[in-house]
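Chain by chain, the residues:
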Amino acid sequence: MQLKLRLTLRSDYHTGSGAGIGSQVDSALLRDRDAVPVLRGSTLAGLLRDGLRRLLQTTPVLEASFAAHLTAEEARDDGGAAAYCTGAVVCPLCQIFGSPAAPKRWRVSSARPAGASTPFAGDIWRIGRTGAQVAARVRINPRDRRAHARHLFKQEEGDRRLQFDFTVACDDDDEAARDEAALIFAAARMVRRFGSARRRGRGECFILALDSHGQPNAEAADLWLEHFRRAWLNGERAAIERHAPAWRPRTEGDGDAVRVRVILRSDEPLVAARRAAAGNIFDCLDHINASTFWGALAARAAAQWQLRVREDERDAQFYEDDYRHDGAYRAFVELLLRGAVRVTPFYPASLLPGDGTDFLYPMIPTPLDVLTCKAYPGFRRPGAPVVEHGAEGFAAADEIRESCGAPLGASVDGEREKCPMPLERLGGFVQLRSYPPHDEGAARRDEMHPRINPVTQRVATGDLFGYEALDSGQFYIGEIWCRNRVAWESLGELAALPADGEVLRLRLGKATRRGYGAVAVWFESGASVVEAWRGNLPLEQRVTDANAPLTLTLLTAAIVPDAWGRFHQSFTRELLADTIGAGFEITGLKEVFAAADFVDTFNNHLGLPRWRDRALRAGSAVGFTRAPGADLPTLQARLKEIEAAGIGLRRHEGFGQVVFNHPLYVAGGAGMKDTAVAVPDALRLARQSKTGTMAATVESEDAALDRWLVELREEFPKGLFTQDGEKGRERWAAVARWLHDNASDPTEQLLTRLKDFGKPSLLINIQRDEPRDKENYFATKGRAAIERLGEFLRRASESAPSNEARRRMIETLADYLSITSR
């Protein structure tokens, strides 16, 4: 069930991001990565919750259902900021928008301007300009009623012409869900203002209903309000009924494994959170871990087949009897819990835009043994714009140099001087291409969230928390491995995956009900990203000598316990011997580069953290030697088995992927094959807003204003308005003020008034019935400047795409005249 809504502004607004714009603006609007203004889902959920709270208080029929909640609020010392219903009877507010006792059923998305729902490629919208303007504010001293010294600040205000589209969605699609949707729409109609300074004229708004095509529809609004009257005012609500659908048995079979490449595009910031170790700040991973995506598929399957309802209705004989007969639950366990389906982590991918097709270059965490010059880091690439001294993997090296040693330009005694800088870990990610560029990975952002006291409508003191999130408009690539074709088809039916060529809309991570985690997912059967992580080189081309030292590198984190259940935190001979197996004796270790991290995950079904594991970090590497004996084909076959199966625990959640002799170590990755992946058209970032939308109108008006500024800068005759000294400049400053104040008047009227400046009738002295000046300045010396100003006024009116753009262009002309005449 999905309710599509549009927030239409009636005045400028401000929802701050908590940061400024350089040193010029103190408070900037909240924007996405592509600089488009956005209203986060947490803000919209708070508005709808407040609207429903007021609706329940002001509607006599619904007051009784809210009385217990109000009593709980009044009983709290902090003004009821955290009161909620407990027990069997729950008020509509807690039922729909949730509480600590029960999470809410409805998810509120973030809102972007109409016509700009898809993230843009590049900075089409400009911070401080597109869809916004900068306003100055000053604090007034309440005693003397004058401006307070040193209390001037500037903030970015959103344009009132913007219209924001968002959705409120629920997994269920029955009559009870429609009843709740009608109540949510009625609550939305109670919303009148939002953002800061809403009591001082800003943020006035109105929420409309949209039809299936995303257009405002008065009939749809009337239908929802009629549904609200019938269900909530007349008491004709439907009971919540959930019927678990029957699972269609599938034919079991063997066959080859199926590998599906999965491409994700983040449409909202995504919080793949670590454990909150910093108090009120939720830290974020630098990628989307496999557990997050795996959990989203499991939640989708559980909702699709009502597995929670099935489990609640079972008795103690469930595992003995019903398990064998319930195909949906059995498929869930076999596919997602017992290894028939495996999911890899989703690492960031570097976007390379093209004219017809965009390409993605997969990335992997830089191996820990790759060291580089401290002063000039990075792999040495031919024709690089910056100096690079190269990077080198040292896992299989005989020794580790203490300094860079790259040759410099100067020579001493006939030998080129070498770089004395120390080596350090390269870190971050590397793009899998020839001479791989170093990459910092996915961009992240910090967003702060205060809690609003529902009684005072102000920020609750001390209730501030923040998210560090992976920013929107970025791509990630991972893989789903299925045991066979039947397992893949069963997964598609279990999780309701779309058909080939269609995009799956999914929500990942934390705060998915508050405007975070929306992603677009694309599946490509028969393609493997793990092979791209290994440089698209088969093992036979990476291991060519049975007696040469080998390197083992972790592509993902690995949870490897010993016989006593203790987690390995480094590589040892015993661990490698157990990994490689009997018949391949390990004679020694070359170099070990390893680090360990805690693995914290959360079980949403239980509402509790999962058991904490300790894993070797992705990128850990070791070089080792073997005793002679096994021939090359036997060795290659065994290593291929290890790469295919992985090592350690929880491999179905993406842990334990390894690679031997990664081509990244050979000549700085020069021999690595191309790993570029074409971006499907359905996932491409938008180049411009859709024609006819408000977003497109705002873009075209700002583009026209930019062109107008260029014309003024290049063609405006500055000397024509400053040639008559101080008195002449004062006259032109008055003209500039008049033009700015009357910019909304029709152009012909402005031109007529401008020409009349030189007529004596406008300058008559009433007492003496004669002109005040014997010689009118605008009729004589200023006549040429008046005519030139009229030409620019006419050009502004003819080139403006709309009346709003025309007004802004005339105001800019007036400002330019005022600055020029000083």
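Here goes a summary of the coordinates provided. Here the structure is a predicted model, which means the values were calculated and not measured.

1. Section: the overall build of the protein chain
Okay, step 1: Counting its secondary structure elements, the protein chain contains 19 helices and 35 strands.
Okay, step 2: Burial statistics for the protein chain: of 822 residues in total, 49% are counted as buried.
Okay, step 3: In the protein chain, 73% of the contacts between residues at least 6 apart in sequence involve partners at least 24 apart.
Okay, step 4: A total of about 39,900 Å² of accessible surface is found on the protein chain, and carbon and sulfur atoms cover 49% of it.

2. Focus: the pairing of strand β11 (residues 347–352)
Okay, step 1: Pairing of β11 with strand β22 (residues 475–482), which is carried by three bridges, proceeds in the antiparallel orientation. Residue pairing across strands places P348 opposite Y476, the latter belonging to β22.

3. Here we look at the nonpolar core
Okay, step 1: With 60 residues, the main nonpolar core has L7, L48, L52, W106, F166 and V168 as its most contacted residues.
Okay, step 2: When residues of this core are assigned to their parent elements, the largest contribution, nine residues, is made by helix α4 (residues 175–188).
Okay, step 3: Those residues within four positions of W106 in sequence are excluded, and the remaining contacts are M1, I96, V168, A169, C170, A177, E180, A181, I184 and R513.
Okay, step 4: F332, A442, L494 and L508 belong to the second-largest nonpolar core, a separate cluster that totals 47 residues.

4. A closer look at the packing of aromatic side chains
Geometrically, a pair of aromatic rings is defined through the distance of the ring centres and the angle of the planes.
Okay, step 1: Here the structure, examined in full by the defined rule, presents twelve aromatic pairs.
Okay, step 2: Aromatic side chains F282 and Y467 sit 5.5 Å apart centroid to centroid with 50° between the ring planes, which places their arrangement in the tilted category. Residue F282 is located in strand β9 (residues 281–282), and its partner Y467 is located in strand β21 (residues 459–470); the two are separated by 185 residues in the primary sequence.
Okay, step 3: By way of ring pairs, the aromatic residues F282, F465, Y467 and Y516 are connected into one cluster.

5. Focus: the pattern of salt bridges
Okay, step 1: With the rule as written, the count across this model stands at 51 salt bridges.
Okay, step 2: Between R444 and E468 there is a salt bridge; the shortest N-O distance is 3.9 Å. Note that R444 is positioned in strand β20 (residues 444–452) and E468 in strand β21, a separation of 24 residues in sequence.
Okay, step 3: With a relative accessible area of 40%, R444 lands in the partly exposed category.
Okay, step 4: Given the relative accessible area of 18%, E468 is considered buried.
Okay, step 5: Between R534 and E531 there is a salt bridge whose closest N-O contact spans 3.4 Å.
Okay, step 6: The class of E531 is partly exposed, set by a relative accessible area of 27%.
Okay, step 7: Salt bridges linked by common partners bring D32, D34, R40, R112, R445, E447 and D471 together as one network.

6. Quick notes on the sheet that holds strand β17 (residues 423–425)
Across a sheet, paired strands are connected by hydrogen bonds in the backbone, their directions being either parallel or antiparallel.
Okay, step 1: If you trace the three strands from one edge of the open sheet to the other, you get β14-β13-β17, paired in antiparallel fashion. The open sheet has two free edges, formed respectively by β14 (391–393) and β17, since each of these has just one partner strand. Pairs of neighbouring strands in the sheet enclose a mean axial angle of 35°, with direction left out of account.

7. Description of the environment of A558
Okay, step 1: By the secondary structure assignment, A558 is in the loop between β25 (550–554) and α13 (573–580).
Okay, step 2: Excluding residues within four positions of it along the chain, A558 makes contact with A615, L616, I647, F655 and G656.

8. Re unusual backbone geometry
Okay, step 1: For A511, which is not glycine, the phi dihedral falls at a positive 60°.
Okay, step 2: Turning to its location among the elements, A511 is positioned in the loop between β23 (504–507) and β24 (518–525).

Conventions we followed
Residues numbered from 1 in each chain as written. Predicted model: local features only at pLDDT ≥ 70, side-chain atom pairs only at ≥ 80, totals over all residues. Heavy atoms only, no water. Helix = DSSP H or I, 4+ residues; strand = E, 2+ residues; numbered from the N terminus. Buried < 20%, exposed > 50% of the residue type's maximum accessible area, 1.4 Å probe, protein only. Contact = heavy atoms within 4.5 Å. Areas by Shrake-Rupley, 256 points an atom, 1.4 Å probe, with all protein chains shown as cover. Pairing = 2+ DSSP bridges. Core = buried A, V, L, I, M, F, W, Y, C linked by side-chain atoms within 4.5 Å. Phe/Tyr/Trp six-rings, centres within 6.5 Å; stacked < 30°, edge-to-face > 60°. Salt bridge = Lys/Arg side-chain N within 4 Å of Asp/Glu carboxyl O. Axes fitted to C-alpha atoms, helices over the stretch in contact; angles between N-to-C directions.

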